[in-house]
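For reference, the chains in residue letters:
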Amino acid sequence: MKINLAKQLVRETKSLANWETVTYNFYYLKYKNYHIYKRNISLNNWQFIVADDITRCTFKMYEKEAKKCQTG
């Protein structure tokens, strides 16, 4: 899986409200046959794991960066 695809999927899911809480500050969502996990690691930084049946991609993203890319 390429990092650009993973980041695009995360940007698309930022506004969705159906994230399931796994534990404190750790959330899960299934979107377009991908498993997306997010974890709050600091005030405005999130760690994301985007996985399909074969591969996974882990990266950190600044919260405002994801919102800015989503709106334009």
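Just so it is clear, the structure is predicted and the values come from calculations on it, not from any experiment.

Caption draft 1: A look at the packing of aromatic side chains. Evaluated as defined, the whole model comprises four aromatic pairs. An angle of 10° between the planes, with centres 5.8 Å apart, marks the rings of Phe26 and Tyr37 as stacked. With a gap of eleven residues between them, Phe26 in strand 2 (residues 26–31) and Tyr37 in strand 3 (residues 34–40) connect regions that are remote in the sequence. For the pair Phe48 and Phe59, a centre-to-centre distance of 5.7 Å together with 25° between the ring planes defines the contact as stacked. Remark: Phe59 occurs in strand 5 (residues 56–62) and Phe48 occurs in strand 4 (residues 45–51); sequence separation between them is eleven residues. By relative accessible area, Phe48 is classed as buried at 0%. Three or more aromatic residues link up through ring pairs in this structure, and these residues are Phe26, Tyr28 and Tyr37. Its guanidinium or amino end placed over the ring of Tyr27, Lys38 lies 5.7 Å from that ring's centre, counting from NZ or CZ.

Caption draft 2: The arrangement of the sheet that holds strand 4 in detail. Pairing within the open sheet is antiparallel, and its five strands lie in the order 1-2-3-4-5. Edge positions in the open sheet fall to strand 1 (20–23) and strand 5, since each of these has one partner strand only. Averaged over all pairs of adjacent strands, the angle between their axes in this sheet comes to 25°, without regard to strand direction. Taken together, the six bridges between strand 3 and strand 4 define a ladder with antiparallel strand orientation. Considered in strand 4, the bridge of Lys38 is made with Phe48. Each of strand 2, strand 3, strand 4 and strand 5 is contacted by helix 1 (residues 3–13), which is oriented at about 55° to strand 5, the strand it contacts most.

Caption draft 3: Layout of the pattern of salt bridges. In this structure the tally under the stated criterion is one salt bridge. A salt bridge links Glu12 to Lys32; the nearest nitrogen and oxygen atoms lie 3.2 Å apart. Linking Glu12 in helix 1 with Lys32 in the loop between strand 2 and strand 3, this pair joins segments that are 20 residues apart in sequence. By relative accessible area, which is 52% here, Lys32 ends up exposed.

Definitions and limits used
Residues numbered from 1 in each chain as written. Predicted model: local features only at pLDDT ≥ 70, side-chain atom pairs only at ≥ 80, totals over all residues. Heavy atoms only, no water. Phe/Tyr/Trp six-rings, centres within 6.5 Å; stacked < 30°, edge-to-face > 60°. Helix = DSSP H or I, 4+ residues; strand = E, 2+ residues; numbered from the N terminus. Buried < 20%, exposed > 50% of the residue type's maximum accessible area, 1.4 Å probe, protein only. Lys NZ or Arg CZ within 6 Å of the ring centre and 35° of its normal. Pairing = 2+ DSSP bridges. Axes fitted to C-alpha atoms, helices over the stretch in contact; angles between N-to-C directions. Contact = heavy atoms within 4.5 Å. Salt bridge = Lys/Arg side-chain N within 4 Å of Asp/Glu carboxyl O.

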